[in-house]
Amino acid sequence: MAWKKLSGQNPVLIYPQSLQQQQSAEHVYFCVTSACLLMTLCELLGAAVCHSPPLLPYLSRYGFSDLNTTGSAAAVPEDGPVAQETLELPNKESNQTPANVRHRKHRRGGRSSQGHGSGRCSGRESLDKALASFLNWQQSAEERLLSLEEARLERDWRAEERREQREERRAEQERRHELQLFSMLTGALFPSRQDAQTADPSASPSAHLSAPRMTTAAPPVSSSSSQPPAEAPTVQVISTHEAEKSQPTSVTACQMSQNVLATPRGAEAPSPSVYLSKRGNSIRQHQGTLQEGFVQYAANKYHVTDNPEGIINLGTSENKLCYDLLHARLTRPDMLYVEPSLLQYSDWTGRTFLREEVAKFLTHYCGSPKTLNADNVVVMNGCGSLFSCVAAVICDPKDAILIPTPFYGVITDDVDLYSDVKLFHVHLDCETDGKDSRAFHLTVEKLEEGLTKAKQEGLIIRAVILMNPHNPLAEIYTPEEMIAFLEFAKRNDLHAIVDELYMLTVFDESVTFHSVLSLDSLPDPLRTHVMWGLSKDFAMSGIRAGTLYTENRELVEALAQLGCFHGIPGTVQHQVAQLLQDRAWIDNEFLPENRRRLKAAHSFLTGELRSMGIPFLDRPAALFVWADLREYLQESSFQEELNLWRCFLRHNVLLSCGQAFSCSTPGWFRIVFADQHLHLGMKRFREALKKNEEKSTRADTSAIKETVDKCKNSPTESDNAAIVNSTSPPGSKSLDQLEERDSPAPDTDLVSAEGLVSLDGEAPKPAESLESLIGTLRNQIRSSDWLEKNTPELSAGEDPEILDVFKALLHRARK
């Protein structure tokens, strides 16, 4: 702002509209004020001159000449006319002045000198005052300008700070939007394919671990932390304790846990739309690793000739090994049949001829002791629709269903998006102990504990979901185990929803699957509902045909009311019925050949995993293997798991990570082997892991080099020979970073306890002696295979500067 002095008025305060205008106004204010003060000073000087008498011609006592005084505007004194006459007396001819004239001049000069001296004193005082006033003003003006400059600099600094913060937020948002925008784009280009192929409800079989006993250095994960960390909108999934060894930490009632299909960490959900309801926006914002991966796969599918660099899908549970068998059967004349009734409305639970064929099929292949009733069969467009409808008719909004984890995550959406029904997680431990000899072992005790926890949180549990064979564990439960689970449901008045989607996908003759429909009697037949479909056992996920068998007529009638939203075209129902009744083709052609191909693919995949030293669950069922890749994580976190998943995707191979199945421990992946491009997919799998290891090794090498440099620059630590830096990936039994100085091994009294770090990244316990810690460290060095894998030659290729360090480490380890 600035002061503006108007003519004949007081100064006016002017407010500038911007910082630039303010600075300009301050400059103008300074200039105008300076000019005004200078004018005032000139007036004072003029006043001082005006009070002085007119000066004589010739030189006065102060050195003024007549040339300086004749032009003056001073007033004429009383004896002016006389002086004027005297000026006219001299002439060129006479240089003499009369005596009387000189006398008068002398007297007049004396009076003039006295008057002029008093005027000069008065003018000097005025001038001093003016100069003092000007200097005071100049000082105040300079101080004002300095304060304004400081304020301006502070404003600029704050503006720059805000700009940097905005840039950081913008960069973070761009990073989060990257995959989301790509997913939205490809989703818009391939909506029909996405809708047809994203459903994958399933189960899977069981057996034992093929790899050595699996361990992890990560601490137990609680129920609340078992879900993927923050970064995404979530579907409400209620969780319970993780495992027997982990401390049970619960979530509050109806708390939303991270959905396995929620937007991945790091991605940002689309902003809410004014055209949608809250529920509509919540549904729209659903996007996760399964959808994200499938969308990218759909946009860049591998093809031998057309797109050899495309993505190979080993993440979606589809059987792609039997297309030739299906094509030959589905193109027979009996499949190409159309009659008017197939083009008209029908019973929404399925056409009668199809329900009858389904009842006969289940009676035969499930080994039912009695013929199943076709009136108890409901047919819809996929088991996802069946999950959604069953949840809607047996649960109220906000009610919950008990489910062991890991599980196929799309079930979360199936029961939540329409019906607002939650899932309460019962986490299974990936480790084995004295009580459990099987990893991820489900027991009645764990179900009881989960139910108790849910009730303590004020939740209403209506049902329990059981998968046999299991997805993604491929576990096959025995009849005794299934009876125990059903008895648990009966004791607690719970519906038992049994998913048997993979019942015919058992490719080992020594293992037999037993359906709950094969039992002589069910513990609670009115609350037991069995699902099956063609997606897995018949490799026809695109047909979208799922079936439910239940003896609860009220449930069937309720489902019939929702069937109009989930019906199957009449011509497709005809084809499915024709397929199911062709027992000769099923028993003699399809099932034997399908099992042979699945077994060969499973053997190849498990052989590859064994050759790479990757632990996995060896189960002769389903279409996938549940593999333990915790060793390849930089740290035990779901973010690192997601980074590894994206590393595979960058190498054009799609897998499914554990968080997509609500696994409580990060690092587990589901690898589908029922793909005709499995060999190339595993080659890319190896390349991705190798690249990930090289990245990890570079990070470790950099850390070692940095530590060595610190040691060399620190003379006070020259006697300390070993520094252990534990950043080993979870599940690894070796040290990731180990360095020693070239000095001899230290004595126990020379090593500080603070210089030791335990393998799990925690400080040593105070109760342990320093000598025992050093002994433990030496044993770890001797038993570690990290130094053998990271030989000096390999390290020299990446960073020659630390070759000597590795040689010294290897030499000490061998001692």
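Here the structure is a predicted model, which means the values were calculated and not measured.

Engineer: Can you help me understand the overall build of the protein chain in this one?
Structural biologist: Per the secondary structure count, the protein chain includes 23 helices and 19 strands. Every one of the 815 residues in the protein chain was classed for burial, and the buried ones make up 48%. Summarising the internal contacts of the protein chain: among those between residues at least 6 apart in sequence, 75% fall at separations of at least 24. Carbon and sulfur atoms form 53% of the exposed surface of the protein chain, whose accessible area is close to 40600 Å².

Engineer: Honestly, the side chain of S541 in this entry has me stumped. Any pointers?
Structural biologist: Among the structural elements, S541 can be located in the loop between α14 (534-537) and β12 (546-550). One polar contact links S541 to E318, side chain to side chain, over a distance of 2.7 Å.

Engineer: How do you make sense of helix α12 (residues 444-456) when you look at a structure like this?
Structural biologist: Because an α-helix completes one turn every 3.6 residues, residues spaced three or four positions apart along the sequence face the same direction. Its 13 residues place the ends of α12 18 Å apart at the C-alpha level, agreeing with the 18 Å of an ideal helix rising 1.5 Å per residue. Turning to α12, its buried residues are V444, K446, L447, G450, L451, K453 and A454. Buried positions along α12 lie against β7 (400-405), β8 (422-427), β9 (461-467) and α13 (479-491). Just downstream of α12 lies G458, where phi reads positive at about 80°.

Engineer: Can you walk me through the packing of α12 against α13 in this structure?
Structural biologist: A pair of packed helices is captured by two measures, namely the crossing angle of their axes and the spacing between those axes. In the contact formed by α12 and α13, the axes pass within 10 Å of each other and the chain directions differ by 25°. With respect to α13, the axis of α12 lies roughly parallel. Judged by the sense of rotation from one axis to the other, the crossing of α12 with α13 is right-handed. Facing α12, whose interface residues are V444, L447, E448 and L451, α13 presents A484, F485, F488 and R491.

Engineer: Is there a simple way to think about the packing of aromatic side chains in this case?
Structural biologist: Two measures describe an aromatic ring pair: the distance that separates the ring centres and the angle between the ring planes. Under the definition given, this model contains 18 aromatic pairs. On the numbers, 4.8 Å between centres and 35° between planes, the contact of F361 with W532 is tilted. Taken as a pair, F361 in helix α9 (residues 352-365) and W532 in strand β11 (residues 528-533) lie far apart in primary sequence, 171 residues in all. The class for F361 is buried, based on a relative accessible area of 0%. For W532, a relative accessible area of 2% gives the class buried. Ring-pair connections join several aromatic residues into one group, and the members of that group are F361, Y365, W532, F538, W585 and F590. When the ring centre of F624 is taken as origin, the NZ or CZ atom of R670, which lies over that ring, is 5.0 Å away.

Engineer: Help me understand the pattern of salt bridges, please; the structure alone is not making it clear to me.
Structural biologist: A side chain of one charge can pair with a side chain of the opposite charge if their charged atoms are brought near each other. Taken as a whole and judged by the stated rule, the model has 32 salt bridges. With a closest N to O distance of 2.5 Å, R163 and E160 form a salt bridge. Within this pair, R163 and its partner E160 are both found in helix α4 (residues 99-189), separated by 3 residues, close to a single helical turn. Here R163 falls in the partly exposed class, since its relative accessible area comes to 36%. Measuring nitrogen to oxygen at the nearest pair gives 3.2 Å for the salt bridge that ties D420 to K398. Taken together, the residues D420 in the loop between α11 (410-416) and β8 and K398 in the loop between α10 (383-394) and β7 connect sequence positions 22 residues apart. Taking relative accessible area as the criterion, D420 reaches 23% and is therefore assigned partly exposed.

Engineer: What am I meant to see in a nonpolar patch on the surface here?
Structural biologist: A grouping of V274, Y275 and L276 is seen on the molecular surface, where their side chains present a nonpolar patch of about 410 Å² in accessible area. With respect to the helices and strands, L276 occurs in the loop between β4 (238-239) and α6 (278-284). Note on L276: relative accessible area 39%, which makes it partly exposed.

Engineer: Got a minute to help me understand the confidence of the model for the protein chain in this structure?
Structural biologist: Parts of the model with low pLDDT should not have their predicted coordinates read in detail. Looking at the protein chain, the pLDDT average stands at 75 and 59% of residues meet or exceed 70. Confidence drops under a pLDDT of 50 for residues 1-9, and excluding neighbours within four residues, the segment shows 24 contacts in the predicted structure.

Engineer: Sorry, what's going on with a positive patch on the surface here?
Structural biologist: Positive charge collects at one region of the surface, where R650, K691, K695 and R698 lie side by side. For the positive patch, the element with the highest residue contribution is helix α19 (residues 678-712), accounting for 3 residues. Note on placement: R650 falls in helix α18 (residues 638-650).

Engineer: How should the pairing of β7 be read in this particular structure?
Structural biologist: Residues in a regular strand point their side chains to alternate faces of the sheet. The buried count for β7 comes to 6 of 6 residues, which makes it a mostly enclosed element. Side chains A400, L402 and P404 of β7 all project onto a buried face; the interleaved residues I401, I403 and T405 project onto the opposite face, where all are buried too. Summarising the sheet, β7 and β9 pair through 3 bridges and their orientation is parallel. Opposite I401, over in β9, you have A463 as the bridge partner. Where β7 meets β8, 6 bridges bridge the pair, whose relative direction is parallel. Bridge pairing links L402 to F424 in β8. The parallel pair β7 and β8 is bridged by α11, and the resulting crossover is right-handed.

About the cut-offs
- Residues numbered from 1 in each chain as written.
- Predicted model: local features only at pLDDT ≥ 70, side-chain atom pairs only at ≥ 80, totals over all residues.
- Heavy atoms only, no water.
- Helix = DSSP H or I, 4+ residues; strand = E, 2+ residues; numbered from the N terminus.
- Buried < 20%, exposed > 50% of the residue type's maximum accessible area, 1.4 Å probe, protein only.
- Contact = heavy atoms within 4.5 Å.
- Areas by Shrake-Rupley, 256 points an atom, 1.4 Å probe, with all protein chains shown as cover.
- Polar contact = N/O pair within 3.5 Å; in protein donor to acceptor, adjacent residues only side chain to side chain.
- Expected span 1.5 Å × (residues − 1).
- Axes fitted to C-alpha atoms, helices over the stretch in contact; angles between N-to-C directions.
- Parallel < 35°, antiparallel > 145°, perpendicular 65-115°, else oblique.
- Left-handed = near helix turned anticlockwise from the far one by under 90°.
- Phe/Tyr/Trp six-rings, centres within 6.5 Å; stacked < 30°, edge-to-face > 60°.
- Lys NZ or Arg CZ within 6 Å of the ring centre and 35° of its normal.
- Salt bridge = Lys/Arg side-chain N within 4 Å of Asp/Glu carboxyl O.
- Patch = residues over 30% accessible without salt bridge, like charges linked within 9 Å, V, L, I, M, F, W, Y side chains within 5 Å.
- pLDDT = per-residue confidence, 0-100.
- Lys, Arg positive; Asp, Glu negative; His and termini not counted.
- Charge placed at Lys NZ, Arg CZ, Asp CG, Glu CD.
- Pairing = 2+ DSSP bridges.
- Right-handed = clockwise from strand over helix to strand, strands pointing away.

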